[in-house]
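Descriptive structure summary
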Amino acid sequence: MSRKKAGAQAIELPEVNFSEDGEIRYLHLGTEWIQGSMYLDRPYDIELEYVQRMFGWLLFYPHADVKGAHAMQLGLGAGTITKFCYKKLKMTCTAIELNPGVLHACRGWFRLPPDDERLRVVLADALQEIQKEEWRGTVDALQVDLYDEEAAAPVLDTPDFYRHCRDVLTPQGVMTVNLFGRSSSYGESVEKICATFGEDAVWIFKPTREGNAIVLAQRTASRPKREQLLAAADKIQEKWGLPAPKWLRVFKPLTK
């Protein structure tokens, strides 16, 4: 996703295209960097490991309440997260995306369903959109994956941004963030998240082989026991097909 900085002149949004390799289709923003993917024969499954981990919030959220809960995605990518929340988890979904070309690609190439009473794609700057009063305290699962065409660092990664993210969450809401990029500073990003949510509310995954490090932050901190997390992980795998038991090998609270 590409955006203009505050006070700057508008910049041209990148070209949106795709490539295919066997059974997988990839989304690109005019470069070789992968912005999302889809199995051609299983368009609502998740191919990329880091995207699966973006659902780590399911370890903490009551499974009986997932259906009908509100999921918001900042950055549409190939629509993978939005599609999974909508089709598999049966959630109400809002996706915020700046580039109309990305939305067109998701609808034309990546099987994103049209808007309806449970699905809404908002074409807007994510930083501006989440400050609107209509979103405050309404989001149960906030999934943040904001990158431009170079995928060098998160586009939005400031204390103010994370404060606005916290503001949209319900009391039991959870945020997951993809921290990736050759110009990103993982430690600094985690410090900013901790400053907003509190260290006790932050959990981290080890980076994937590709370097994607998923950070999870709870609106209300909790420390479930290992046995509780294992039980939740087993249910997630059984009910929704995500490899949650494997997550627990590489997932831990930031502070003991």
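Presented here is a report on the structure given in the accompanying data block. (Residues numbered from 1 in each chain as written. Predicted model: local features only at pLDDT ≥ 70, side-chain atom pairs only at ≥ 80, totals over all residues. Heavy atoms only, no water.)

Each regular strand displays side chains that alternate between the two surfaces of the sheet. Of all five residues that make up strand E4 (residues 70–74), five are buried, and the element is covered over most of its length. Alternating residues of E4 divide into His70, Met72 and Leu74 and Ala71 and Gln73, and every residue in both groups is buried. Examined bridge by bridge, E4 and strand E5 (residues 92–97) share five bridges and lie parallel to one another. Considered in E5, the bridge of Leu74 is made with Ile96. By the bridge criterion, four bridges tie E4 to strand E7 (residues 139–144) in an arrangement that is parallel. Each residue of the ladder has a partner; that of Ala71, found in E7, is Ala141. (Buried < 20%, exposed > 50% of the residue type's maximum accessible area, 1.4 Å probe, protein only. Helix = DSSP H or I, 4+ residues; strand = E, 2+ residues; numbered from the N terminus. Pairing = 2+ DSSP bridges.)

Another point: the packing of aromatic side chains. Scanning all chains against the criterion turns up nine aromatic pairs. Judged by centre distance (6.4 Å) and plane angle (40°), the rings of Phe55 and Trp57 are tilted. No difference in accessibility class separates Phe55 from Trp57, as the two residues are buried. The interplanar angle of 15° and the centroid separation of 5.3 Å between the aromatic rings of Trp203 and Phe251 together place this pair among those described as stacked. One end of the pair, Trp203, is in strand E9 (residues 202–205); the other, Phe251, is in strand E11 (residues 251–253), with 48 residues separating them in the sequence. Its guanidinium or amino end placed over the ring of Tyr39, Arg42 lies 4.0 Å from that ring's centre, counting from NZ or CZ. The aromatic ring of Tyr86 is capped on one face by Arg118, whose charged end is 4.3 Å from the ring centroid. (Phe/Tyr/Trp six-rings, centres within 6.5 Å; stacked < 30°, edge-to-face > 60°. Lys NZ or Arg CZ within 6 Å of the ring centre and 35° of its normal.)

Taken by themselves, the reported measurements are silent on function.
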